[in-house]
Amino acid sequence: MIEKIRNFIDKVSEVLEIIINAILIIAVVIAIISLWKPLMDFINNRDSTEAFLHFLEYVLNILIGIEFFKMLCKPDMDTILDVVIFVIVRHMVVIDTSAMENLLTIIGMAIIFVIKKYLKTSSKKKGGSSKKKKHELKGLKEETFSE
């Protein structure tokens, strides 16, 4: 009985995840289409750095949305760190920050790059494909729930 409930909850969560992904795709497409106006504003005001920063803010928001979609489709540490990197870059480029905030942001980015490098090297040493690892994790999950 409990296993049936867990399976039902698992299926419902997968359906909800697909619905969220579909909504996110629609939102990203709409955002890309609406990018036309900030592009025209930038082209008409090429001398204004504010117009460029406004355009860049739109572009980075769309990129964050795309990376977030990729993270929902393939939730691993690498895609999560990519989303964090884009959010940090957007914050650093678009928002006026102090020298201390810039220093902390750069240190944070360096830490993220070290983590990404360490994770890639440690996963190469362990070997095996991600599908094999997913299958092993799913088998482990089934064994845990069946006990």
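Rules of the game
Numbering of residues starts from 1 in each chain and follows the order in which that chain's sequence is written. Confidence filtering applies because this is a predicted model: local features only for residues at pLDDT of at least 70, side-chain atom pairs given and counted only at 80 or more, and all residues used for totals across whole chains, interfaces and linings. Here the side-chain values reflect all heavy atoms present in the structure, with hydrogen atoms and water set aside. Inter-axis angles, ranging from 0 to 180 degrees, are taken between N-to-C directions of lines fitted to C-alpha atoms, where helices are fitted over the stretch in contact. Under the scheme used here, helices are H or I runs from DSSP no shorter than 4 residues and strands are E runs no shorter than 2 residues, and both carry numbers assigned from the N terminus. Roughly parallel here means an angle under 35 degrees, roughly antiparallel means over 145, roughly perpendicular means 65 to 115, and every remaining angle is called oblique. For any helix crossing, the convention is left-handed if the near helix is rotated counterclockwise from the far helix by under a right angle, and right-handed if that rotation is clockwise. Contact definition: two residues touch when any of their heavy atoms are within 4.5 Å. Polar here means any residue outside two lists: the nonpolar Ala, Val, Leu, Ile, Met, Phe, Trp, Tyr, Cys and Pro, and the charged Asp, Glu, Lys and Arg; Gly therefore counts as polar. The span expected for a helix works out to 1.5 Å for each residue beyond the first. Any Lys or Arg side-chain nitrogen found within 4 Å of a carboxyl oxygen on Asp or Glu counts as a salt bridge. Nonpolar cores were defined as sets of buried Ala, Val, Leu, Ile, Met, Phe, Trp, Tyr and Cys residues, with membership established by side-chain atoms within 4.5 Å. The rule is simple: take the accessible area with a 1.4 Å probe, protein chains only, and divide by the maximum for that residue type; under 20% is buried, over 50% is exposed, in between is partly exposed. Under this definition, polar contacts are N or O atom pairs within 3.5 Å; protein pairs additionally need one hydrogen-donor-capable and one acceptor-capable atom, and for neighbouring residues in sequence, both atoms have to be side-chain atoms. Patches here are clusters of residues that have more than 30% relative accessible area and form no salt bridge, with a 9 Å joining cutoff for like charges and a 5 Å cutoff for nonpolar side chains (Val, Leu, Ile, Met, Phe, Trp, Tyr). Note on areas: Shrake-Rupley with a 1.4 Å probe; residue coverage comes only from the protein chains shown. Paired rings are identified among Phe, Tyr and Trp, the last through its six-membered ring, by centres lying within 6.5 Å, and are further divided according to the angle between planes into stacked (under 30 degrees), edge-to-face (over 60) and tilted (the rest).

Asker: What is the right way to read the packing of helix α2 (residues 36–44) against helix α3 (residues 49–73) from this model?
Answerer: Two numbers describe a pair of packed helices, the interaxial angle and the distance between the axes. Where α2 contacts α3, the two axes come as close as 8 Å, and the packing angle between them is 160°. Classified by the interaxial angle, the pair formed by α2 and α3 is roughly antiparallel. Between α2 and α3 lies a crossing whose hand is left-handed. Residues Pro38, Leu39, Asp41 and Phe42 of α2 lie in contact with α3, whose contacting residues are Ala51, Phe52, His54, Phe55 and Tyr58. Each residue belonging to the contact of α2 with α3 can be placed in one class, and the counts come to seven nonpolar, one polar and one charged.

Asker: How should helix α1 (residues 2–33) be read in this particular structure?
Answerer: In a regular helix each residue adds 1.5 Å, so 32 residues correspond to 46 Å; α1 covers 47 Å between its end C-alpha atoms and thus fits that length. Of the surrounding elements, those touching the buried residues of α1 are α3.

Asker: Help me understand the pattern of salt bridges in this model?
Answerer: Counting across every chain of the model gives five salt bridges. The shortest N-O distance in the salt bridge between lysine 37 and aspartate 41 comes to 3.3 Å. Pair noted here: lysine 37 and aspartate 41 are both in helix α2, with a separation of four residues, about one helical turn. A salt bridge links lysine 116 to aspartate 78; its shortest N-O distance comes to 3.5 Å. Residue lysine 116 is located in helix α5 (residues 99–126), and its partner aspartate 78 is located in helix α4 (residues 77–94); the two are separated by 38 residues in the primary sequence.

Asker: What am I meant to see in the nonpolar core here?
Answerer: In globular proteins that are soluble, nonpolar side chains generally tend to be buried together. Membership of the largest hydrophobic core is limited to five residues, which are Leu81, Ile85, Ile88, Met109 and Ile112. When residues of this core are traced back to their parent elements, those giving at least two are α4 and α5. Broken down by element, this core gets its largest block of residues, three residues, from α4. Those residues in contact with methionine 109, other than ones at most four positions away along the chain, are Ile85, Ile88 and Val89.

Asker: Just checking my understanding: could you explain the side chain of threonine 79 for this structure?
Answerer: Structurally, threonine 79 is set in helix α4. Within the structure, the side chain of threonine 79 is placed 2.9 Å from the backbone oxygen of lysine 74, a separation counted as a polar contact. At a separation of 2.9 Å, a polar atom in the side chain of threonine 79 contacts the side chain of aspartate 76. Apart from residues no more than four positions distant in its own chain, threonine 79 is found in contact with Met71 and Lys74.

Asker: How do you make sense of a nonpolar patch on the surface when you look at a structure like this?
Answerer: A surface patch of nonpolar side chains, amounting to about 1,000 Å² of accessible area, comprises Met1, Ile5, Phe8, Ile9, Val12, Val15, Leu16, Ile19, Ile20 and Ile23. Position of methionine 1 relative to the elements: it lies in the segment before α1.

Asker: Whenever I open this one, α3 confuses me. Can you help?
Answerer: Note on helix geometry: an α-helix contains 3.6 residues per turn, so any two residues three or four positions apart are oriented the same way. Taking 1.5 Å of rise per residue, the 25 residues of α3 would be expected to cover 36 Å, and the 36 Å separating its terminal C-alpha atoms lies within 8% of that figure. What α3 keeps buried is the set Ala51, Phe55, Leu56, Leu60, Ile62, Ile64, Gly65, Glu67 and Met71. On the buried face of α3, the contacting elements are α1, α2 and α4. A distance of 3.3 Å separates the backbone nitrogen of glutamate 50 from a side-chain oxygen at the start of α3, and that oxygen is part of serine 48.

Asker: What is the right way to read the packing of aromatic side chains from this model?
Answerer: Describing an aromatic ring pair means giving the distance of the ring centres and the angle of the ring planes. For the coordinates displayed, the defined rule picks out two aromatic pairs. Seen from their ring centres, phenylalanine 42 and phenylalanine 52 are 5.4 Å apart, and the 50° between their planes marks the pair as tilted. Remark: phenylalanine 52 occurs in helix α3 and phenylalanine 42 occurs in helix α2; sequence separation between them is 10 residues. Given the relative accessible area of 37%, phenylalanine 52 is considered partly exposed. Joined through ring pairs, the aromatic side chains of Phe42, Phe52 and Phe55 make up one cluster.

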